[in-house]
Amino acid sequence: MSDKNFRVRFAPSPTGYLHLGSLRTALFNYLFARHNNGKFILRIEDTDQSRKVEGAVESLINTLNELGLNYDEGPVAGGEYGPYFQSERLKLYRKYCDELLSKGHAYYAFETSEELEEMRRVQQIQGKQTMYDRRGRHLTGNEVKEKLDSGIPYVVRLKVPLDEEIRFSDLIRGNVKIETNQIDDQVLLKSDGYPTYHLANVIDDHLMDITHIIRGEEWLTSVPKHIILYRAFGWDVPQMAHVPLILNPDKTKLSKRQGDVSTEDFLNKGYLKEALVNFMALLGWNPGEGEDREIFSKEDLIKLFTIERVNASGAVFNIDKLNWMNGEYIKSYDPEMLEELIIPYLNNGGIDTSDREKTTRVVMAVKGYINRLDEAPEHAKVYYQDVSLSAVKKEILENSDAQKILSILKSKIVSLLEITTDNFKPLISEIQKETGIKGKGLFMPIRLALTGEEHGPELGLIAYVLGKEEVISRLETAISTK
RNA sequence: GGCGCGUUGGUGUAAUUGGUUAACACGCCGCCCUCUCAAGGCGGAGAGUACGGGUUCGAUCCCCGUACGCGCUACCA
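Worth saying up front: this structure is predicted, and the values here are computed from it rather than measured.

So, how was this worked out
- Residues numbered from 1 in each chain as written.
- Chains lettered and ligands numbered in written order.
- Predicted model: local features only at pLDDT ≥ 70, side-chain atom pairs only at ≥ 80, totals over all residues.
- Heavy atoms only, no water.
- Salt bridge = Lys/Arg side-chain N within 4 Å of Asp/Glu carboxyl O.
- Helix = DSSP H or I, 4+ residues; strand = E, 2+ residues; numbered from the N terminus.
- Buried < 20%, exposed > 50% of the residue type's maximum accessible area, 1.4 Å probe, protein only.
- Axes fitted to C-alpha atoms, helices over the stretch in contact; angles between N-to-C directions.
- Parallel < 35°, antiparallel > 145°, perpendicular 65-115°, else oblique.
- Contact = heavy atoms within 4.5 Å.
- Nonpolar A, V, L, I, M, F, W, Y, C, P; charged D, E, K, R; others polar.
- Core = buried A, V, L, I, M, F, W, Y, C linked by side-chain atoms within 4.5 Å.
- Domains from an automatic or database assignment.
- Buried area = accessible area lost by both parts, 1.4 Å probe.
- Polar contact = N/O pair within 3.5 Å; in protein donor to acceptor, adjacent residues only side chain to side chain.
- Near = heavy atom within 4 Å.
- Expected span 1.5 Å × (residues − 1).
- Pairing = 2+ DSSP bridges.
- Phe/Tyr/Trp six-rings, centres within 6.5 Å; stacked < 30°, edge-to-face > 60°.

## Looking at the pattern of salt bridges
Throughout the structure, instances matching the rule amount to 26 salt bridges. The residue Glu-339 makes a salt bridge to Arg-356 at a minimum N-O spacing of 3.0 Å. Taken together, the residues span a long stretch of sequence, with Glu-339 in helix α12 (residues 335-348) and Arg-356 in helix α13 (residues 356-366) at a distance of 17 residues. Judged by relative accessible area, which is 5%, Glu-339 ranks as buried.

Next up, the structure:
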């Protein structure tokens, strides 16, 4: 634990669902904050008016809460550094932008989007690097004033210092250096008056006292732009940590084309939040030597997490392993809580769970067989639907040995007070002794009579779940098929 | 194209400050358990650490180059 006042932030733009990659970024921020006794802040980067999606923020917050990644400051929660929506901080950006302008670190530019496109097109044909040719830097003060006065739309661009080399150290990647000549005179303020990511991000991170910026690798190459801004303002640069991307099986950036990428979808399919958190944490991070566990509670993760142990290389999202891990969580989950979670899935599969005692038994029987909650109905079906038999199966039951077994079993069960998890199996052993029939010939008729299926959980469990009455009824049906 | 980052079995990862038969998990295969299917137990195949140089008595680990992958190259984040 550290007593430094670490402050980190998760700063998504509200474009819809929570991408798995964002989830992991959020998780690492959360773990880092909790491990160091710091603060975890949620900031909404809604500066792109054209990409706004209705309800996205609510859904984002819901998902974070559902996963237990509670933030200390942000929308709804509030905090001393608000507002936490960038769209509500426009005046601030304007003010700092003016400061940049007056200090000569930024300048006005008046090209239209079409002009810029044309410029890039020409550069491309000439085989040159496509970037803004910095022509706005050559405008005289009078020219600028004239254009401004006549109301021509403008943007404000960063005046990148030329012929320099920007070096910085990333907590995950080590030393990185980039020539400033490679850096575009980035737009800081758009013609609609909104800031771009770069401006807003730097200002907010500073104003919100962010000490560590933990974000996706796609931002690594824009760090120099940000450093130039921090310097221009005379601010300290926070520590940086750029986490690797999550990849499709073919190693391209995880995308919707190759499967689900939204956290909500995974939750809906019946992946437990604990499993999802556990699995995502292990994608690109590990606790290191002497730790062979794979299953970690959130508390374990908080205790063990350090940013230095995050890998620098991208990680393929291995759904097989997630499935396995989710199955592990399902098997060891608190029975009552699991039942609560599974009931909606059972109902969804057309199963009536109003008999709660039976539901409890069903959940107990089913949980060893599923890796996802949405697999529950198909395994639970046998306990609810009428037994229906194919001709072949019927034949097996009509066999005289089979009939004998079923009759004896029925009479034994009738005299039982109730069926428990372990008083059924001994009955079968007795029948074996009495009739001399054993193995498949003994078990299969019973299994078919009770479920109509050749496969399933052990018979004792099935009988227990069905209960005395239902077992007798099903046996009678099977006997009367003759 | 330019720049940046990365590269250990199919996948996720491990390997004390360079010295191990390169370890663990998922997946796969087999055996055991067992009425069946799972689960569980046991075992196996699968990498000589992208490739090529160098430094060193000795490199997965340090340096350089190449290849490949990915990212960025927007008035998107």
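After presenting the structure, the write-up continues.
## Let's talk about the packing of helix α3 (residues 90-103) against helix α7 (residues 223-233)
Packing of α3 against α7 brings their axes to within 10 Å, and their N-to-C directions diverge by 80°. What the angle tells us is that α3 and α7 run roughly perpendicular. For the pair α3 and α7, contact is made by Tyr-96, Glu-99, Leu-100 and Lys-103 and by Leu-229, Ala-232 and Phe-233, respectively. Here the residues of the contact of α3 with α7 sort into 5 nonpolar, no polar and 2 charged.

## Here's the deal with the nonpolar core
Counting 99 residues, the largest nonpolar core has Met-280, Phe-317, Tyr-383, Ile-413, Phe-424, Ile-446 and Leu-450 as its most contacted members. Ranked by residue count, the leading element in this core is helix α19 (residues 459-480), at 10 residues. Beyond its immediate stretch of four places on either side in the chain, Ile-446 contacts Ile-405, Leu-406, Leu-409, Phe-424, Ile-428 and Leu-459. By size, the runner-up hydrophobic cluster in this structure holds 38 residues, among which are Phe-110, Val-160, Leu-188 and Leu-199.

## Some thoughts on the domain arrangement of chain A
Considered domain by domain, chain A is made up of domain 1 (3-75 + 246-316), domain 2 (89-243), domain 3 (333-376) and domain 4 (391-479). For domain 3 versus domain 4, the separation of C-alpha centres amounts to 24 Å. Counting residues at the interface gives 6 residues for domain 3, matched by 9 residues for domain 4. Across the interface of domain 3 and domain 4, roughly 610 Å² is buried in total on both sides, 72% from carbon and sulfur atoms. Ranking the residues of domain 3 by area buried against domain 4 places Arg-361, Met-364 and Tyr-369 at the top, with a combined share of 67%. At the boundary of domain 3 with domain 4, the tally comes to 0 salt bridges. Taken together, the links from domain 3 to domain 4 amount to 2 residue pairs in polar contact (both at pLDDT 80 or more).

## A short note on the protein's contact with RNA strand B
For RNA strand B, the set of nearby residues contains 65 residues, the closest of which are Arg-173, Lys-190, Gly-284, Asn-286 and His-455. Among the atoms of RNA strand B close to the protein, meaning within 4 Å, 73% are from sugar or phosphate groups. Backbone polar atom of Gly-456 to a base nitrogen of RNA strand B: 2.7 Å apart, as the coordinates give it. Residue Leu-459 places a main-chain N or O atom 2.8 Å away from a base nitrogen belonging to RNA strand B. Sorting the residues of the surface near RNA strand B by element identifies α4 (113-125), β4 (155-158), β6 (174-179), β11 (315-316), α11 (319-332) and α18 (440-451) as the ones contributing at least two each.

## A short note on α18
The first and last C-alpha atoms of α18 sit 15 Å apart over 12 residues, in line with the 16 Å expected at 1.5 Å per residue. Across the 12 residues that make up α18, a large majority, 9, are buried. By the burial criterion, the buried members of α18 are Leu-442, Met-444, Pro-445, Ile-446, Arg-447, Leu-448, Ala-449, Leu-450 and Thr-451. Packed against the buried residues of α18 are α15 (391-398), α16 (400-414), α17 (425-435) and α19. Remark: Gly-452 follows α18 within two positions and exhibits a positive phi of approximately 80°.

## Observations concerning the sheet that holds strand β3 (residues 106-109)
Across the sheet, which stays open at both edges, the 3 strands sit in the order β3-β4-β7 with antiparallel pairing between neighbours. Strands at the two margins of the open sheet, each flanked by one partner only, are β3 and β7 (187-189). Between one strand and the next, the sheet's axes are offset by a mean angle of 45°, whatever the strand orientation. The pairing of β4 with β7 spans 2 bridges and is classified as antiparallel. What sits directly across from Arg-157, in β7, is Val-187.

## Overview of the packing of aromatic side chains
Inspection of every chain in the model, using the stated rule, returns 13 aromatic pairs. Both rings, one in Tyr-30 and one in Phe-40, keep their centres 5.9 Å apart while their planes meet at 80°; by these two values the pair is edge-to-face. Placement of Tyr-30 in helix α1 (residues 20-35) and of Phe-40 in strand β2 (residues 39-42) is noted, with a sequence separation of 10 residues between them. Judged by its relative accessible area of 4%, Tyr-30 is buried. In this structure Phe-40 comes out as buried when scored by relative accessible area, which is 0%.

## A few points about the side chain of Thr-180
Note on placement: Thr-180 falls in the loop between β6 and β7. When its relative accessible area of 0% is taken as the criterion, Thr-180 is described as buried. Not counting residues up to four positions away in its chain, the partners in contact with Thr-180 are Arg-134, Val-160, Pro-161, Leu-162, Asp-163, Glu-164, Ile-166 and Ile-228.

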